[in-house]
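Listed here are the chains, written in short residue letters.
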Amino acid sequence: WTAALYRIAAGIGNGLGFLTAMRVANYWFPNKKALAISLTVSFAMTGGIVAGVPTAALIQHLGWSNTILVDACIGSALFCFMFFCLQNHPDEHSRKNDVTLERIKAVFKTKQNAFCGAYIAGLNLSIYVLAAVWSNLLLTSQFGLTSAQAALVSSMIFLGMIIGAPCFGSLSDWMQRRKPAMRLGSAMALVIMIVITFSPHLTYMALFILFLGLGFSSSSQILSYPTLAESNPLGLISTATSMAALIVDITGALMQFSFGWLLTMHWQGETVGNIPQYANIDWRIALSCIIAFLCISLFATFKLKETHCRPLPHE
């Protein structure tokens, strides 16, 4: 229960950090929101890479407890820097606070916000389900990779997002449109996920490229955040973003559980060295659930209103 409470506390802190980062991008870079948000996400994805092989090596040398203390010291240094060096945008002080219960309800009832949340949720499953939990077992048991190879291939999702986020952000800002780039990213992710699911004899290099491509295409999810900003009043952007994040996190939590349940639904109990061995059909059934959510992401791009990188009129 102690670990669970700490995980909840960490999630609250992560959520606040994400929302404030989106707010900074919207206030300080009004004409380059997509690029600013994409760079924020790219910086954040380095955490996913560092949490893999580098952290494993540090744990071997220092132990897990001391490694967490090192992480805490780095976080404390960053906190001090932000506390003394960052400042609010002048508009945040001059604008009247327009957050009311009625307007919050309106934000949660807006279809545009719900479709943005659905779009992000589908593309984010490659991180929530594969990179965070199941990819190492998938790559070692299904494709015969070593643990070291699997760890490297899994980290390619994060590297792909680091590369892809500013590419999609710059493309969208240059086109002055959000939907075409969003549609391109979700379509690419869908095709790549189908190949991974239904091609059981992929080589190490093929998987390396596919996971890199999956991260790259999934990074198009960052375009939903400027879309949210342009679809809601400035004073309610954080509220709208939190609504989308709620959809994303609920979907991720349910899918982590559901993926494991689907994977073990027809499992015969076979293990090798206490590691469960699942059949090809088991993996295909579970991975098909991610494909279904990617289809939902693609569908959402057809229901969204195009903002043309400008604020939509509000009541």
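Just so it is clear, the structure is predicted and the values come from calculations on it, not from any experiment. (Residues numbered from 1 in each chain as written. Predicted model: local features only at pLDDT ≥ 70, side-chain atom pairs only at ≥ 80, totals over all residues. Heavy atoms only, no water.)

Enquirer: When you look at the packing of helix 9 (residues 179–198) against helix 13 (residues 280–303) in this model, what are you seeing that I'm missing?
Expert: Two numbers describe a pair of packed helices, the interaxial angle and the distance between the axes. Contact pair helix 9 / helix 13: the axes reach a minimum separation of 9 Å and the direction vectors enclose 165°. Considered as vectors, helix 9 and helix 13 are oriented roughly antiparallel to each other. The interaxial crossing formed by helix 9 with helix 13 has left-handed handedness. Residues Lys-179, Met-182, Arg-183, Ser-186, Ala-187, Ala-189, Leu-190, Met-193, Ile-194, Thr-197 and Phe-198 of helix 9 form the contact with helix 13, whose participating residues are Arg-284, Leu-287, Ser-288, Ile-290, Ile-291, Leu-294, Cys-295, Ser-297, Leu-298, Thr-301 and Phe-302. When its residues are assigned to classes, the contact of helix 9 with helix 13 shows 14 nonpolar, five polar and three charged. (Axes fitted to C-alpha atoms, helices over the stretch in contact; angles between N-to-C directions. Helix = DSSP H or I, 4+ residues; strand = E, 2+ residues; numbered from the N terminus. Parallel < 35°, antiparallel > 145°, perpendicular 65-115°, else oblique. Left-handed = near helix turned anticlockwise from the far one by under 90°. Contact = heavy atoms within 4.5 Å. Nonpolar A, V, L, I, M, F, W, Y, C, P; charged D, E, K, R; others polar.)

Enquirer: What am I meant to see in the confidence of the model for the protein chain here?
Expert: As a general rule, the predicted coordinates of low-pLDDT regions are not to be interpreted in detail. Predicted confidence across the protein chain gives a mean pLDDT of 86, with 97% of residues reaching 70 or more. Here helix 5 (residues 90–94) stands out as the element of the protein chain with the lowest mean pLDDT, 69, in contrast to helix 9, whose mean of 96 is the highest. (pLDDT = per-residue confidence, 0-100.)

Enquirer: Explain the pattern of salt bridges here, please?
Expert: In total, this model carries two salt bridges according to the counting rule given. Across the pair Asp-173 and Arg-178 runs a salt bridge whose closest N-O atoms are separated by 3.0 Å. Like Arg-178, Asp-173 is buried. The salt bridge partner of Arg-178 is Glu-230, with a shortest N-O separation of 2.6 Å. A residue pair is termed long-range when its members are at least 10 positions apart, and Arg-178 in the loop between helix 8 (147–175) and helix 9 and Glu-230 in helix 11 (residues 224–231) qualify at 52 residues. Arg-178 gets classed as buried once you look at its relative accessible area, which sits at 2%. (Salt bridge = Lys/Arg side-chain N within 4 Å of Asp/Glu carboxyl O. Buried < 20%, exposed > 50% of the residue type's maximum accessible area, 1.4 Å probe, protein only.)

Enquirer: Even after reading the chapter, I still don't get the nonpolar core, so can you show me in this structure?
Expert: Nonpolar side chains in soluble globular proteins tend to end up buried together. By size, the foremost hydrophobic cluster in this structure holds 68 residues, and its most contacted members are Met-193, Phe-259 and Ile-290. A total of 14 residues in this core trace back to one element, the largest contributor, which is helix 7 (residues 111–142). Those residues in contact with Phe-259 that lie beyond four places of it in its chain are Val-129, Trp-134, Trp-283, Ala-286, Leu-287 and Ile-290. (Core = buried A, V, L, I, M, F, W, Y, C linked by side-chain atoms within 4.5 Å.)

Enquirer: Help me out: how do you make sense of unusual backbone geometry in this one?
Expert: The phi torsion of most residues other than glycine is negative, and most of the peptide bonds are trans. The phi dihedral of Gln-176 is positive, around 60°, even though this residue is not glycine. You can see Gln-176 is positioned in the loop between helix 8 and helix 9. The class for Gln-176 is partly exposed, based on a relative accessible area of 37%.

Enquirer: Help me understand helix 10 (residues 204–218) in this model?
Expert: For an α-helix, 3.6 residues make a turn, and residues three or four places apart therefore share a direction. The end-to-end C-alpha distance of helix 10 is 21 Å, a good match for the 21 Å that 15 residues give at a rise of 1.5 Å each. Of all the residues in helix 10, the buried ones are Leu-207, Leu-210, Phe-211, Gly-213, Leu-214, Gly-215, Ser-217 and Ser-218. Looking at the buried residues of helix 10, the elements they touch are helix 7, helix 8 and helix 9. (Expected span 1.5 Å × (residues − 1).)

Enquirer: For this particular structure, what's the right way to read a nonpolar patch on the surface?
Expert: On the surface, a nonpolar cluster with roughly 1,100 Å² of combined accessible area is contributed by Leu-58, Leu-62, Val-70, Ile-74, Leu-78, Phe-79, Phe-81, Met-82, Phe-83, Phe-84 and Leu-86. Residue assignment for the nonpolar patch shows that the elements contributing at least two residues are helix 3 (53–62) and helix 4 (64–85). It is helix 4 that contributes the most residues to the nonpolar patch, eight residues altogether. Counting through the fold element by element, Met-82 comes out in helix 4. (Patch = residues over 30% accessible without salt bridge, like charges linked within 9 Å, V, L, I, M, F, W, Y side chains within 5 Å. Areas by Shrake-Rupley, 256 points an atom, 1.4 Å probe, with all protein chains shown as cover.)

Enquirer: Could you clarify how one ought to interpret the packing of helix 3 against helix 4 in this entry?
Expert: Axis separation between helix 3 and helix 4 bottoms out at 7 Å; the angle between their running directions is 120°. When the axis of helix 3 is compared with that of helix 4, the two are oblique. The crossing of helix 3 and helix 4 is right-handed. Seen from helix 3, the contacting residues are Thr-55, Leu-58, Ile-59 and Leu-62; seen from helix 4, they are Trp-64, Asn-66, Thr-67 and Val-70.

Enquirer: Looking at this model, I keep getting lost on the packing of aromatic side chains. Mind explaining?
Expert: Each aromatic ring pair is described using two quantities: the centre-to-centre distance and the angle formed by the ring planes. Tallied over the full model, the rule gives nine aromatic pairs. Grouped by ring-pair contacts, the aromatic residues Trp-134, Phe-259, Trp-267, Tyr-278 and Trp-283 constitute a single cluster. A cation over a ring is seen here: Arg-183 above Phe-302, with NZ or CZ 4.1 Å from the ring centre. (Phe/Tyr/Trp six-rings, centres within 6.5 Å; stacked < 30°, edge-to-face > 60°. Lys NZ or Arg CZ within 6 Å of the ring centre and 35° of its normal.)

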